[in-house]
Amino acid sequence: MVRNKMYYGACVYPELWSDEVMVKDYDLMQEIGMNLARMGEFTWSTFEPNPDEFDFSILERSLELTKERGIDVVICTPTPTPPIWMTHNHPERLHVDKNGTRMIHGSRQHICSNNAYFRERANIFVDKMMEVVKKYDHVIAVQLDNEFKCHVDQCFCENCKNLWHQWLEKKYETVSNLNEAWGTKVWSQEYRHFEQVVQPLPTPFLHNSALLFNYKRFHHEKLAEFIKEQVSVIKKHSDIPVTHNTGMFFDVDNEMMGQEMDFMSFDTYTPVEHYENFVLNQERWRYIRNDTRKTMLLETSTSYNGHLENYAVPHELGYVEAEAFTTFAAGTSAFTYWLFRGQRSGSEQPHGSVVSSWGDKTIGYESVMNVSQLIEKIEPLISESNVIEPKVAITYSDRARSYIDNEHGGVYNYKELMNAFHKLFLDLNIHRKLVPEGHDLNEVDVLFSLYMHNLSKDYLARATEFVENGGTWFVGPMSGGRTENHLWHTDNGLGELGELLDIKSSVQFYSKDGQMQGEALGMTSELNGLNTFVEVSQEASKGKVISDTANGQAFLVEKEIGKGKIVYLGAHVNKDLMKKLIKEHTRDHHITDILETSDEVVIFNRRGIDSNETQYWMVNLSKEDKTVQLKQSLVDKLNDKQLDKGQYTLKPYDYMVLA
Amino acid sequence: MVRNKMYYGACVYPELWSDEVMVKDYDLMQEIGMNLARMGEFTWSTFEPNPDEFDFSILERSLELTKERGIDVVICTPTPTPPIWMTHNHPERLHVDKNGTRMIHGSRQHICSNNAYFRERANIFVDKMMEVVKKYDHVIAVQLDNEFKCHVDQCFCENCKNLWHQWLEKKYETVSNLNEAWGTKVWSQEYRHFEQVVQPLPTPFLHNSALLFNYKRFHHEKLAEFIKEQVSVIKKHSDIPVTHNTGMFFDVDNEMMGQEMDFMSFDTYTPVEHYENFVLNQERWRYIRNDTRKTMLLETSTSYNGHLENYAVPHELGYVEAEAFTTFAAGTSAFTYWLFRGQRSGSEQPHGSVVSSWGDKTIGYESVMNVSQLIEKIEPLISESNVIEPKVAITYSDRARSYIDNEHGGVYNYKELMNAFHKLFLDLNIHRKLVPEGHDLNEVDVLFSLYMHNLSKDYLARATEFVENGGTWFVGPMSGGRTENHLWHTDNGLGELGELLDIKSSVQFYSKDGQMQGEALGMTSELNGLNTFVEVSQEASKGKVISDTANGQAFLVEKEIGKGKIVYLGAHVNKDLMKKLIKEHTRDHHITDILETSDEVVIFNRRGIDSNETQYWMVNLSKEDKTVQLKQSLVDKLNDKQLDKGQYTLKPYDYMVLA
Amino acid sequence: MVRNKMYYGACVYPELWSDEVMVKDYDLMQEIGMNLARMGEFTWSTFEPNPDEFDFSILERSLELTKERGIDVVICTPTPTPPIWMTHNHPERLHVDKNGTRMIHGSRQHICSNNAYFRERANIFVDKMMEVVKKYDHVIAVQLDNEFKCHVDQCFCENCKNLWHQWLEKKYETVSNLNEAWGTKVWSQEYRHFEQVVQPLPTPFLHNSALLFNYKRFHHEKLAEFIKEQVSVIKKHSDIPVTHNTGMFFDVDNEMMGQEMDFMSFDTYTPVEHYENFVLNQERWRYIRNDTRKTMLLETSTSYNGHLENYAVPHELGYVEAEAFTTFAAGTSAFTYWLFRGQRSGSEQPHGSVVSSWGDKTIGYESVMNVSQLIEKIEPLISESNVIEPKVAITYSDRARSYIDNEHGGVYNYKELMNAFHKLFLDLNIHRKLVPEGHDLNEVDVLFSLYMHNLSKDYLARATEFVENGGTWFVGPMSGGRTENHLWHTDNGLGELGELLDIKSSVQFYSKDGQMQGEALGMTSELNGLNTFVEVSQEASKGKVISDTANGQAFLVEKEIGKGKIVYLGAHVNKDLMKKLIKEHTRDHHITDILETSDEVVIFNRRGIDSNETQYWMVNLSKEDKTVQLKQSLVDKLNDKQLDKGQYTLKPYDYMVLA
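Note that this is a predicted model, so its numbers are computed, not measured. (Residues numbered from 1 in each chain as written. Chains lettered and ligands numbered in written order. Predicted model: local features only at pLDDT ≥ 70, side-chain atom pairs only at ≥ 80, totals over all residues.)

Colleague: Summarise the relation of the copies chain C and chain B; cite the residues concerned and give the values.
Modeller: Applying a rotation about an axis and a shift along it to one chain copy brings it onto the other copy. Superposing chain C onto chain B takes a rotation of 120 degrees plus a shift of 0.1 Å along the axis, which leaves an RMSD of 0.1 Å. Taken together, the rotation angle and the small translation identify this as a three-fold axis. Of every C-alpha in chain C, the one belonging to Thr-101 of chain C sits nearest the axis of rotation, 5.9 Å from it. (Least-squares fit on C-alpha atoms with pLDDT ≥ 70 in both.)

Now the structure itself:
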């Protein structure tokens, strides 16, 4: 059996085309060298045109044809697009947005996924579909739905209101507990019965933070519940792995969802200008569960994306190849295009594909062929090496995001904050992973926890244990200052974290434009943002405010606990100081004595399975020539030749594997 | 009888003022030299204060007074503003917008013009009004409504839903036909019954293009149906011509509407900065029907427009005179101000007029008098000449606009595209006309068809015949790539047009910022926009991509067919190359051996009815001095003197007539 | 008894914290030197958790504790936040916005304050609360509600519709009167019954100006009615003064509201960049009634404001002190922080306070202490002097604002216009007051009336009498051109004002970018804006248009009447000319022979009660050093030393008192 099988493929829509076209397209896929087809996510009206009237013949035909051609398949459940019989004359089943506007059939995700009838029909459908699917052993995974909540977030329908009340009662038991936990005395918002608790629909001004947080959690949990139901139907038939193609933008809790499935896959359509987002996807989804390092890229464009209301420009030639290199180097097992044959109707006609609606090669076709050759070239190396498990971990948490979604202060976006922070690790060539809150810290040396307004009891306990066992826990800014329900602490401003750090007092406020200045590690820095300054012992303070305001207060604190230490950063520092801080606390994880590169050269560390050699998979993800500085002689694995110490140039989108 | 009678007038509101004021205003109109009054478009509550209670005495008085003073009249039907009895307690008769918001009484166009009760009452009203109107032979036209759909577009009321289903059933006969034509399998949007087909109300993401297109057509046709009903009521009484004051902005199909009426009139309030729009109106509306070259300008400001929420600045002195010159030179038979006496209530108080609410001369009064003198000066020439029928035609199609409204890609607006294209003809002094799709091509030499995503069967057939008979058909960019229902073609990307051109393959994608470059006619050009590149024979290719991407593909194709040829331009080229292409293919229509001018000098070609001499009516529509270069000696007709070969200056807003 | 007692305090929320925290906080207030606590405005659900179940024990405890510590109290009624029992299952009681969206419980001001049940419950509550409050003589005022209409404006619920119809019937008696006054014949908007008159809900285009104006007035009057009801309940128990904390932004008629209460208080959170707004508040609210010069600042931040969706930056150290100096110098009797202890829940957690939720001193604490010292320093001077009643008055009218709200022309905002105009008086050091329309003009020398589209009969009559008695009335621009119902005049364009000025004709139009130019007082100026130009006698014209358009027309007119004169300014002139005009007409009120200062140094004129000496209270409200030029020797009252003639520097936020 092949180790680290590399999947290369595209999304196909057999329900939309004639048998003749289907055959032609699968032939071409095979010819190109593709071995993966994803299908099914919008097929409901074809396979169940009327309730309980099932016809999976097109699916079976498609599975036969792929099987014959050695093309493995990811089958999707079609729940984002229920047929018209689901919602016609049933407005109560439709999604209602935060303004109270009810959606209508005609796009996707217009259903309330908490609706009981929808859930029932979805389970019946999947049950019937699995009877077909389980017969084909080249189906390597079932993908649930498609980009859960990519167009919608919380639903505000009447049914959700009732479920919300039940959820609250289960969580809080008594309404007094809820009032206490939410601080509802402010503005006389107290409730006397659970059924009085509002959905956060329009008000003259803002809802309270606890309501906003919990309404999000309610939806996150309800979605996980739906996933659980679907998975249990699938697992009745087969132990085929279940996955989902998620993304960075959607308001879901990926960690929670991930626990219900076997692994997490993803979509990304990042242009070269934001290459760091492309990399971040690779380094987040494979760690979503503790028990697997599996992930697949299930959608990206051959050249450009677009829809009726947005035309986008093609990628430069070379970029798609660099994306594919990145994908496989990072340990992702599939590189999949959306889509093989362009849509001729609907709203996504202006989206890149492998072949156009009329069957001609598109502008992305050359890239498609280049990736095919790339795969052939790196396959031997991929199959004989694995990603080295990083010991530097950064917590990326959708729960943390929820707090910032609700308290953005007009300036913050969790994803942007995390992207910028993660990019520093790319620039510094520090081997890293982005992990969920529940990530097993046993093999971690350094843990970074930023922008986490609330540190859960469990997270704090595990982080503390991790420190006691010798870990370095770097925490802050905007971390630890809120309760689970998004209230401020009433003790020291940082709750348990403050106690751990032994702070005497704290103050939190926002500043900008250099209003606040600080000094640490011999550097000065503007402190722009929502900062926390604390009073601690002289020894513990490692960075101090030098402005008039809050003069002398600490924004950087170090505290040894057990065999390790906590490093608390209360303030937003500039990029230079942040880099220095990261380097300082990841000293064991630098490769600067081996090589250094320009920022836009991204490195993935792999280790030979048999050889045990350390490999540096490097790619220039920019439009300009970039440099690679070898501090020692290394082997160019793709060309099998020795490279002397010295400076080398990587052309735009070029890559190399050094060992 | 006077040939080419010139109408000069204003809109009046006898229902708003005392008899004394009315008399005073008509006296002043006569004194100014006005011979046209438009009235009636908002009078419904005055003439029918309660259902079936009619009182047209003010209308009769107003008609008597105008008749006595030699002022002809355009009478309007008051359907944009139904009285309160139409909608009070009848929300179901009100217009519902695309967000599902129901309008209320108090502005205008708040009614659903598809409502049966409204239609019935409108017909009864017009019937009664015509009993009065037909007695006055100085009523020269009946104008329907006022600027149909200037504030609203499609209606989403329940009644429209039912009519929509009937309309679909009539168009598609079976719902399978609809599903097939619309490609509804995408996203499981298929319908099983016509009554399931949604109105494109809010969804999480986009509706499909076919639904959007058809919902527009449904409304365009329903409006034409309403017009037809109204016209038939009017024609029962009189053969008085029926017209409508339309405009460039409204979402209607002017060609379709035009077929139901006798001629099309228009409103325009263009400031000097966009003088080309003013000209475009003159060159579009007179060609809306094949059987007439009649049009009237029924609304423009004496100085500035405005309303409660928008103050606008006055035109410079001279500009209104230049507008009037343009109007009559272009063959339009009326120049009419909105309005004579300023509104004192409502929402348009801050709008320019001839006299203010309190009867003083406004800031526009001087212009009003100047135009009066201008008319006296040019009348002898106008009465003895006609516009020469242009042989260069540019299709301006509201159907084509619908596709771009729905697929704007975030960048396109049909009107702006067409304005920019038409302006090139003004700059080049090529005598041109803007014609609807159904324009008779018998007298046309060159036909330009740009930005027409769909070329209808009929249009293609007639254009092909036109080519076979010796015409030059210049087609593209963004033309021919979609089916009638706004789907992509599945054969060659350009359907029948592709077959005509004999293309081997095609690719369409968007690019910008010079990402794509091409070469044609010895020039290079950036190709920025939604471009189509094709593979054709070496001989047919007249312009090629020179970028790396799509290198060597053709963006300009020439194909001889019969006695003529098709010139296909797939790409958006820069202005210089576009001008060169236009010149190249309109070679028989240049006047550069006679005269050349700065861009902002606009020329209209007329011919003496008796003398048969060619006249160049020229006007400087800018704020600066501009030049006119005579290549031969010509006669200045207004001053009756010989002008030698050489360069002359036209001051801002100045004009001349050369022969 | 102390004269001019100075109150210094903060808003407290005893209902939110434990008894222990409450005691601690009052202790600290006392220690800081605070003598005022405001409380109660959001307490309804605590004091009446279920209908008719009252428990004021926390209030009593809080009153006892403050009394013991010498802290006076302002008690608020909690009507902005009705408990859940008020609205649960009663959507008809909720506020409906202008789009027809119904609010929900969970924020504040979500109730329709015209709802009969709400009114009844509010009266019962206040009745019960007063039974407690009246027992405490250290309660110095009752504040009604909190910032009336700060998040909402007009309500569009069904109940308001009925009240609206009753209000109209009372105002107009017959619907014909309404139609006549509103000019509803325009666009056939006429009504036949009062119950047909719409609320200005969504329409395709604009509602008429009369409807918009009256719907605002209806709400302004209804709010005053509610206040009257509440006041009468309070006065049953006690003659304690009633006030309200209003602000500049809310759509209310403060003058009307002010007549129902004893005095008007205010909130302001102005950053240093807009210091003039801070001053304007001080100079407006004390004059809202004719019979008192009392006002209190009841909310300002210790350092910064903010909420979940808006982080703001802290004030610079010194600014809060300068604010406090300004407040007391201007004659305001209280300087009160919002809030003492930071909110830990709700939506305003990121708002500055005296101590944080967890009891630590905030970043604003140093300022709080500095203000305490400032008060000690200036108290002797404040207690022995009063603000000199200014004889230069500027009308600031919420009624005038309504016209501009509705007819903003896309460019105007009443508050911004008035701020800019008032700032000129600060720059010129002219002692001034901002007064309501009904201000007693007996003691006024010069009255400025700008941006008042409608001059009411009463206002005109009183202004004319004022002029006849020797006053100078400076009126315009954008004044006098509309009727009460926001129609244009039909006589001379300026109605009665035009008659007073004896104008022959007038014209009004908007221009910008120097399109219009004028000359007056030997200066030329661009005339940018909605200007009125008039034809008057040669003698009366003091400023003329010099542009081609409207050349020679007057924009500045002077007319002597009786012992005084009217100065009419029709146009918006530039700042230099405006300053010159102001100086020209306030000649008796200059202090330039005594002192001159940089613009940002603001001066308040006070007079010693016993000494009768004139004092100049000066403060530098900017971030830079500013100069003070003494033209004669003066005494520095705070340091009790002589200052020679010459130039002095005021550091940022520094202040001095000269006599």
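Text resumes after the structure shown.
Colleague: Which residues make up the sheet that holds strand 27 (residues 626–630) of chain B, and what are the values?
Modeller: Residues and elements named next belong to chain B. Strand order in the open sheet formed by three strands is 24-27-30, with antiparallel pairing between adjacent strands. This sheet does not close on itself; its edge strands, each paired only once, are strand 24 (595–597) and strand 30 (646–650). Across the sheet, the mean angle separating the axes of adjacent strands is 20 degrees when strand polarity is ignored. In this sheet, strand 30 lies alongside strand 27 in antiparallel orientation, the contact comprising five bridges. Within the sheet, the bridge partner assigned to Gln-629 lies in strand 30 and is Gln-647. (Pairing = 2+ DSSP bridges. Helix = DSSP H or I, 4+ residues; strand = E, 2+ residues; numbered from the N terminus. Axes fitted to C-alpha atoms, helices over the stretch in contact; angles between N-to-C directions.)

Colleague: Before we move on, could you go through the interface of chain A and chain B and cite the residues and values that matter?
Modeller: Listed per partner, the contact involves 51 residues of chain A and 49 residues of chain B. Mapped by element, the contributors of at least two residues to the side of chain A that touches chain B are helix 2 (44–47), strand 9 (306–307) and strand 10 (310–311) of chain A. Looking at the side of chain A that touches chain B element by element, the count peaks at three residues for helix 2 of chain A. For the side of chain A that touches chain B, the per-class residue count stands at 20 nonpolar, 26 polar and five charged. (Contact = placed C-beta atoms within 7 Å. Nonpolar A, V, L, I, M, F, W, Y, C, P; charged D, E, K, R; others polar.)

Colleague: Help me get a handle on helix 3 (residues 57–68) of chain C, residues and values and all.
Modeller: All names here are of chain C. Between its first and last C-alpha atoms helix 3 spans 17 Å; for twelve residues at 1.5 Å apiece the expected length is 16 Å, and the two agree. Looking at helix 3, one finds that the buried residues are Leu-59, Ser-62, Leu-63, Leu-65 and Thr-66. Down the axis of helix 3, the buried set is contained in an arc of 165 degrees. They therefore lie on one face. In helix 3, the exposed positions angled more than 90 degrees off the buried face are occupied by Ser-57, Glu-64 and Glu-68. Backbone geometry just downstream of helix 3 places Gly-70 in the positive-phi region, at approximately 70 degrees. (Expected span 1.5 Å × (residues − 1). Buried ≥ 20, exposed ≤ 12 C-beta atoms within 10 Å, placed from the backbone. Arc of directions from axis to C-beta.)

Colleague: Just give me the short version of the interface of chain C and chain B, but keep the residues and values in it.
Modeller: Facing the 49 residues of chain C at the interface are 51 residues of chain B. Within the residue set of the side of chain C that touches chain B, elements represented by two or more residues are helix 8 (209–237) and strand 17 (505–511) of chain C. Of the residues forming the side of chain C that touches chain B, the biggest block, six residues, is contributed by strand 17 of chain C. Class assignment of the residues belonging to the side of chain C that touches chain B gives a composition of 21 nonpolar, 21 polar and seven charged.

Colleague: How would you sum up the domain arrangement of chain A? Please name residues and give values.
Modeller: You'll often see interface size given as the accessible area lost when the parts meet. Residue and element names in this part refer to chain A. Taken as a whole, chain A is organised into domain 1 (7–154 + 224–381), domain 2 (392–589) and domain 3 (595–658). For domain 1 and domain 2, the distance between their C-alpha centres works out to 37 Å. In this complex, domain 1 contributes 14 residues to the contact, which on the side of domain 2 involves 17 residues. Taken together, the elements giving at least two residues each to the side of domain 1 that touches domain 2 come down to helix 9 (254–260) and helix 10 (275–284). Counted by class, the side of domain 1 that touches domain 2 contains six nonpolar, three polar and five charged residues. (Domains from an automatic or database assignment.)

Colleague: Outline the nonpolar core, listing residues and values.
Modeller: Counting residues in each nonpolar core, the largest one holds 593 residues, and the members touching the most others are Ala-10 and Met-618 of chain A, Ala-10 and Met-618 of chain B together with Ala-10 and Met-618 of chain C. Those residues within four positions of Met-618 of chain A in sequence are excluded, and the remaining contacts are Thr-597, Val-601, Ile-603, Val-628, Leu-650, Tyr-655, Met-656 and Leu-658 of chain A. (Core = buried A, V, L, I, M, F, W, Y, C linked by C-beta atoms within 7 Å.)

Colleague: Give me the lowdown on the UniProt feature "domain: Beta-galactosidase trimerisation" (unreviewed entry) in chain A, citing residues and values where you can.
Modeller: Mapped onto the present numbering, the UniProt feature "domain: Beta-galactosidase trimerisation" (unreviewed entry) falls on residues 391–591 of chain A. Along residues 391–591 of chain A, the helical share is 27% and the strand share 28%, with 14 Å between the first and last C-alpha atoms. (UniProt positions renumbered as here; feature names shortened; annotations may be inferred.)

Colleague: So, helix 15 (residues 457–468) of chain B: which residues are in play, and what are the values?
Modeller: Residues and elements named next belong to chain B. Taking 1.5 Å of rise per residue, twelve residues should cover 16 Å, and helix 15 covers 16 Å from first to last C-alpha, within 8% of that figure. Tyr-459, Ala-463, Phe-466 and Val-467 are the residues of helix 15 that are buried. Angularly, the buried residues of helix 15 cover 95 degrees about the axis, an arc narrow enough to put them on a single face. When the buried face of helix 15 is taken as reference, the exposed residues oriented beyond 90 degrees from it are Lys-457, Asp-458, Ala-461 and Glu-468. Next to the buried residues of helix 15 lie strand 15 (446–449), strand 16 (472–475), strand 22 (554–561) and strand 23 (564–569).

Colleague: Explain the pairing of strand 27 (residues 626–630) of chain A to me, using residue names and the numbers behind them.
Modeller: Looking at chain direction, strand 24 (residues 595–597) of chain A and strand 27 of chain A are connected through three bridges and run antiparallel. Within strand 27 of chain A, the position partnered with Leu-595 of chain A by the bridge is Leu-630 of chain A.

Colleague: Could you give me a rundown of the confidence of the model for chain A, with the residues and numbers involved?
Modeller: Mean pLDDT for chain A: 97, with 100% of residues reaching 70 or above. The ipTM assigned to the predicted complex is 0.96, against a pTM of 0.97. (pLDDT = per-residue confidence, 0-100.)

Colleague: I'd love a proper account of the pairing of strand 15 of chain B, names of residues and values included.
Modeller: All names here are of chain B. Burial along strand 15 is two-sided: Val-446 and Phe-448 facing one way and Leu-447 and Ser-449 facing the other are all buried. Note that strand 13 (residues 392–395) and strand 15 share three bridges and pair parallel. By the bridge assignment, Ile-394 is partnered in strand 15 with Phe-448. In this sheet, strand 16 lies alongside strand 15 in parallel orientation, the contact comprising four bridges. By the bridge assignment, Ser-449 is partnered in strand 16 with Val-475. The handedness of the strand 15 to strand 16 crossover, carried by helix 15, is right-handed. (Right-handed = clockwise from strand over helix to strand, strands pointing away.)

Colleague: With reference to specific residues and values, describe unusual backbone geometry.
Modeller: Looking along the chain, the bond that leaves Gly-476 of chain B and enters Pro-477 of chain B is cis, with omega of -10 degrees. Structurally, Pro-477 of chain B is set in the loop between strand 16 and helix 16 (495–501). Located in the positive-phi region is Tyr-451 of chain A, a residue other than glycine, with phi close to 60 degrees. Tracing the chain through its elements places Tyr-451 of chain A in the loop between strand 15 (446–449) and helix 15 (457–468). At His-486 of chain A, a position not held by glycine, the phi torsion is positive, near 70 degrees. Structurally, the position occupied by His-486 of chain A is in the loop between strand 16 (472–475) and helix 16 (495–501). For His-486 of chain A, a count of 25 C-beta atoms within 10 Å translates into the label buried.

Colleague: How would you explain the sheet that holds strand 27 (residues 626–630) of chain C if you had to name every residue and give the values?
Modeller: Working definition: the strands of a sheet are paired by backbone hydrogen bonds and lie parallel or antiparallel to each other. All names here are of chain C. The sheet built from three strands is open, its strands ordered 24-27-30 with antiparallel pairing. Because the sheet does not close on itself, it has two edges, and the strands there are strand 24 (595–597) and strand 30 (646–650). Direction aside, the axes of adjacent strands within the sheet are offset by 20 degrees on average.

Colleague: Just give me the short version of the environment of Thr-174 of chain B, but keep the residues and values in it.
Modeller: When you line up the elements, Thr-174 of chain B lands in the loop between helix 6 (158–172) and helix 7 (175–182). Between the C-alpha atoms of Thr-174 of chain B and Phe-194 of chain B, which are 20 residues apart in sequence, the distance is 8.1 Å.

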